[in-house]
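So you can see what is in the structure, the chains are spelled out below.
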Amino acid sequence: MMRILFTGVGRRIELLQAFKCAALVLNKELKIYGADIAGTAPALAYCDYTRKVVAMKDEQYINNLLDICLADSIDLLIPTIDTDLLVLSENKEKFEKIGTRVMISSPEMIRNCRDKNLTSQFFVNCGLCAPIPVNNWMDYHAGYPAFIKPKDGSSSINTFKVENVEELEMYAGQVEDYIVQPFVSGIEYTIDIFCDWKGKPVSIVPRERIQVRAGEVLKTQICMDEKMIAEARELCEKFKPCGPITVQLIRDENGNDWFIEINPRFGGGAPLSMKAGARSAEAILRMLEGEEIEYISDIADNAVYSRYDQSVCITEGETQIKGVIFDLDDTLYSEKEYVKSGFKAVSDYLGGGYENELWHYFKSGKQAIDELLKECGKEKQKAVVLEIYRSHIPTIHLYDGVVELITQLRNSGIKIGIITDGRSKGQRNKIQALGLENMVDDIIVTDELGGIQFRKPCDIAFRIMQTKWKLPMNQIIYVGDNPTKDFQAPQQLGMKIVWLKNEDGVYYDPMNSYSCQYQASNMELLSNYLLRWSNGYRE
């Protein structure tokens, strides 16, 4: 399993989706961790795990991240905004000592990027054209219009085009630690560059910035211009990027390229280059396994991408529910009861008397059947024994109060569904043993949709049930017990969620820091929530 921590995760939903897609394509098991100071960033809903951190400028920030990386066995840390680039670069070795790689370039190059004076000089040193800045408006004599902006700014904040010296003087009094440089008129481009650990280019994708808002592209067209690609190679030769960098330039009416800035991280529009074929996320997963990555040249030239906004519910409002979807295992019945039932079936097959031993192995966190067969010298029977465990008709029971709750909800006209992961035969046997088929409206066993890739947190099962019920997402509630996988999809879709904190559950972790607005520690509290909402109760 690979574990990647993204800092400053913010609104980088497209980036996280690119990594999840890459893991699916490569058949890799990937867990994504998102760090955020407030715990309310929308992209956190797309992370497998969320971690609150101190402010990036806090002196304990690096120690905070180191503790997280050590506790969670993080393989790779990827920063996404400018604020922590330098401090991460300067402390890269500390992370490597605990087994976490940081996808960040050298401190010298980060400083070159953060200071626009150094950036311009770096471009010139690479043999590229760049508008040369000055740091005092009174020293600017390169003609108008001119451009004034912060020396270490980002996201086009406090950047102004000025038409004359009077305007320049005015804005110089408003922008702290500024630079002034000639205004270059022309077509704006971004070059998304991705390199391997040693700075060798893996992909170079120029694209025109057709429409921009607050410094981030809204509409872009891929433009595999040979001159820009060659210039980017020259830059990489001196920069030696580790992972992603984003370069911005303006091509004037004479065809000259004027390089403006470098962001040594994934730019906001980088996922668009990935969609065009750059596949940087796939490259990273392969690099983590030690693969050498060949240069990617198969890019969808001239493709146009237009981005849009979407929302994630952070704090749920008050609305009547008309549908309830339950998880199955450890939500409606005890999975430990199923395990014991399966162990009895295995024990009976092997001659009897092994149930306690199997349970002891299970409680010790071991592969119980493997351990028992090894002890008995019957390893060759593993396939048969596993099939007995997985296909047996279990002796299991619904939790107290489940039948009454479902009956009351259905009598109130509430749709009831179950979405459960697992092998089809095993889950169907559980459903049959619990008598659920006649108690609920719809049941989806995710493996039956096409395989394990449809298991939670994949959202397809939720979409199918919502489409069948024809209910708004905010009138459906999902109840589950495992924050690791249960709640991503319904939260992303806009459903309500209730975390049933089942202390007897197989996956219950008392140290889990998952934040959920509605939590229930038992079936009585869960019933109170659902029955009030089903009646349109306003808290």
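Worth saying up front: this structure is predicted, and the values here are computed from it rather than measured.

Moving on, we come to the pairing of strand 13 (residues 257-263). Among the 7 residues that make up strand 13, 6 are buried, leaving the element largely enclosed by the rest of the structure. Taken together, the 6 bridges between strand 12 (residues 244-251) and strand 13 define a ladder with antiparallel strand orientation. In the strand pairing of strand 13, Val247 is matched with Ile262. The turn joining strand 12 and strand 13, which pair antiparallel and follow one another in sequence, is formed by 5 residues; a positive phi near 85° is taken by Gly255.

Turning to the packing of aromatic side chains, a few remarks are in order. Under the definition given, this model contains 18 aromatic pairs. Considering the side-chain rings of Phe6 and Phe19, the 5.2 Å spacing of their centres and the 75° angle between planes classify their relative orientation as edge-to-face. Of this pair, Phe6 sits in strand 1 (residues 2-7) while Phe19 is found in helix 1 (residues 13-26), placing the two residues 13 residues apart along the sequence. Just as Phe6 is buried, Phe19 falls in that class too. Pairing Tyr140 with Tyr144 gives two aromatic rings, centres 5.7 Å apart and planes at 75°, and the pair type is edge-to-face. An aromatic cluster of at least three residues, connected via ring pairs, comprises Tyr338, Phe343, Trp359, Phe362 and Tyr389.

Secondary-structure assignment places Tyr508 in the loop between strand 19 (496-500) and strand 20 (519-520). The exposure class of Tyr508 is partly exposed, given its relative accessible area of 26%. C-alpha of Tyr508 to C-alpha of Arg286: the two residues are 222 residues apart in sequence and 32 Å apart in space. Among residues more than four places away in sequence, those in contact with Tyr508 are Lys501, Asn502 and Glu503.

Tracing the chain through its elements places Asn502 in the loop between strand 19 and strand 20. Filtering out sequence-adjacent residues up to four positions away, Asn502 remains in contact with Asp330, Tyr399 and Tyr508.

As a further point, take helix 5 (residues 107-114). Three or more residues of helix 5 are buried, namely Met109, Ile110, Asn112 and Cys113. The buried residues of helix 5 occupy one face: seen down the axis, they fall within an arc of 155°.

Turning to the packing of helix 1 against helix 10 (residues 280-288), a few remarks are in order. Two measures define how a pair of helices packs: the angle their axes make with one another and the distance between the axes. Interaxial distance between helix 1 and helix 10 falls to 8 Å at its minimum, and their mutual angle equals 60°. Relative to helix 10, helix 1 is oriented oblique. Classified by chirality, the crossing of helix 10 by helix 1 is right-handed. Touching Ala18, Phe19, Ala22, Ala23, Val25 and Leu26 of helix 1 are Ala281, Glu282, Ile284, Leu285 and Arg286, all from helix 10. Split by residue class, the contact of helix 1 with helix 10 holds 9 nonpolar, no polar and 2 charged.

Conventions used here
Residues numbered from 1 in each chain as written. Predicted model: local features only at pLDDT ≥ 70, side-chain atom pairs only at ≥ 80, totals over all residues. Heavy atoms only, no water. Buried < 20%, exposed > 50% of the residue type's maximum accessible area, 1.4 Å probe, protein only. Helix = DSSP H or I, 4+ residues; strand = E, 2+ residues; numbered from the N terminus. Pairing = 2+ DSSP bridges. Phe/Tyr/Trp six-rings, centres within 6.5 Å; stacked < 30°, edge-to-face > 60°. Contact = heavy atoms within 4.5 Å. Arc of directions from axis to C-beta. Axes fitted to C-alpha atoms, helices over the stretch in contact; angles between N-to-C directions. Parallel < 35°, antiparallel > 145°, perpendicular 65-115°, else oblique. Left-handed = near helix turned anticlockwise from the far one by under 90°. Nonpolar A, V, L, I, M, F, W, Y, C, P; charged D, E, K, R; others polar.

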